[in-house]
Amino acid sequence: MREQLPSVGFYSSYYYYGSHPTEYDYTITHINKKSWNVGLALKYNIFEGFKHSSHEQRLKLELHRLKQELEDARHNYAYDQNQKRQE
């Protein structure tokens, strides 16, 4: 369910262009406006093709199958114990 909630993200980047053989701080002191990028990202999933509802249904069926296997194993164990007691 957490994947269906809206999310907010921030991003930024700086593109470091060029070099100078003797003055290493030349590029840092001459930053152009195009060198910095800052942004805000808002993400909200409107429709994902019933991805979550089908996934949830599959997990419910898997849980039901495992519960049934556990019940069968308990029944078989109890049956084996009764057979050993009768012998």
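Predicted model, so just to flag it, every value in this text is computed and none were measured.

Novice: What should I look at first to understand the overall build of the protein in this one?
Specialist: When helices and strands are counted, the protein shows two helices and two strands. Taken from the N to the C terminus, the helices and strands of the protein come in the order β-α-β-α. Looking at the protein as a whole, 5% of its 87 residues are labelled buried. Accessible area for the protein stands at about 8700 Å²; split by element, carbon and sulfur atoms hold 57% of it.

Novice: Could you clarify how one ought to interpret the confidence of the model for the protein in this entry?
Specialist: Interpretation of this model should avoid reading the predicted coordinates in detail wherever pLDDT is low. Counting all residues, the mean pLDDT for the protein is 81, and 77% of those residues have values of 70 or more. Mean pLDDT across the secondary structure elements of the protein bottoms out at helix H1 (residues 26–29), with 68, and peaks at helix H2 (residues 51–86), with 90.

Novice: Quick question: what am I supposed to make of the pattern of salt bridges here?
Specialist: Between side chains of opposite charge, a pair can form when the charged atoms approach closely. On inspection of all chains with the given rule, the structure shows three salt bridges. Between lysine 60 and glutamate 56 there is a salt bridge whose closest N-O contact spans 3.5 Å. Highlighted residues: lysine 60 and glutamate 56, both in helix H2, separated by four residues, approximately one helical turn. By relative accessible area, glutamate 56 is classed as partly exposed at 39%. Across the pair glutamate 69 and arginine 65 runs a salt bridge, and its minimum N-O distance is 2.4 Å. Of this pair, glutamate 69 and arginine 65 both sit in helix H2, four residues apart, which is roughly one turn of that helix. One continuous salt-bridge network, built from bridges that share partners, spans Glu62, Arg65 and Glu69.

Novice: What am I meant to see in the environment of tyrosine 44 here?
Specialist: One can find tyrosine 44 in the loop between strand S2 (36–43) and H2. Not counting the four nearest positions on each side in its chain, tyrosine 44 is found in contact with Gln4 and Pro6.

Novice: Whenever I open this one, a nonpolar patch on the surface confuses me. Can you help?
Specialist: Taken together, the side chains of Val8, Phe10, Leu40 and Leu42 make up a nonpolar region of the molecular surface, amounting to roughly 500 Å² of accessible area. Taken together, the elements giving at least two residues each to the nonpolar patch come down to strand S1 (7–14) and S2. Residue position: leucine 42 is located in strand S2. Its relative accessible area of 66% is what places leucine 42 among the exposed residues.

Cut-offs and rules
- Residues numbered from 1 in each chain as written.
- Predicted model: local features only at pLDDT ≥ 70, side-chain atom pairs only at ≥ 80, totals over all residues.
- Heavy atoms only, no water.
- Helix = DSSP H or I, 4+ residues; strand = E, 2+ residues; numbered from the N terminus.
- Buried < 20%, exposed > 50% of the residue type's maximum accessible area, 1.4 Å probe, protein only.
- Areas by Shrake-Rupley, 256 points an atom, 1.4 Å probe, with all protein chains shown as cover.
- pLDDT = per-residue confidence, 0-100.
- Salt bridge = Lys/Arg side-chain N within 4 Å of Asp/Glu carboxyl O.
- Contact = heavy atoms within 4.5 Å.
- Patch = residues over 30% accessible without salt bridge, like charges linked within 9 Å, V, L, I, M, F, W, Y side chains within 5 Å.

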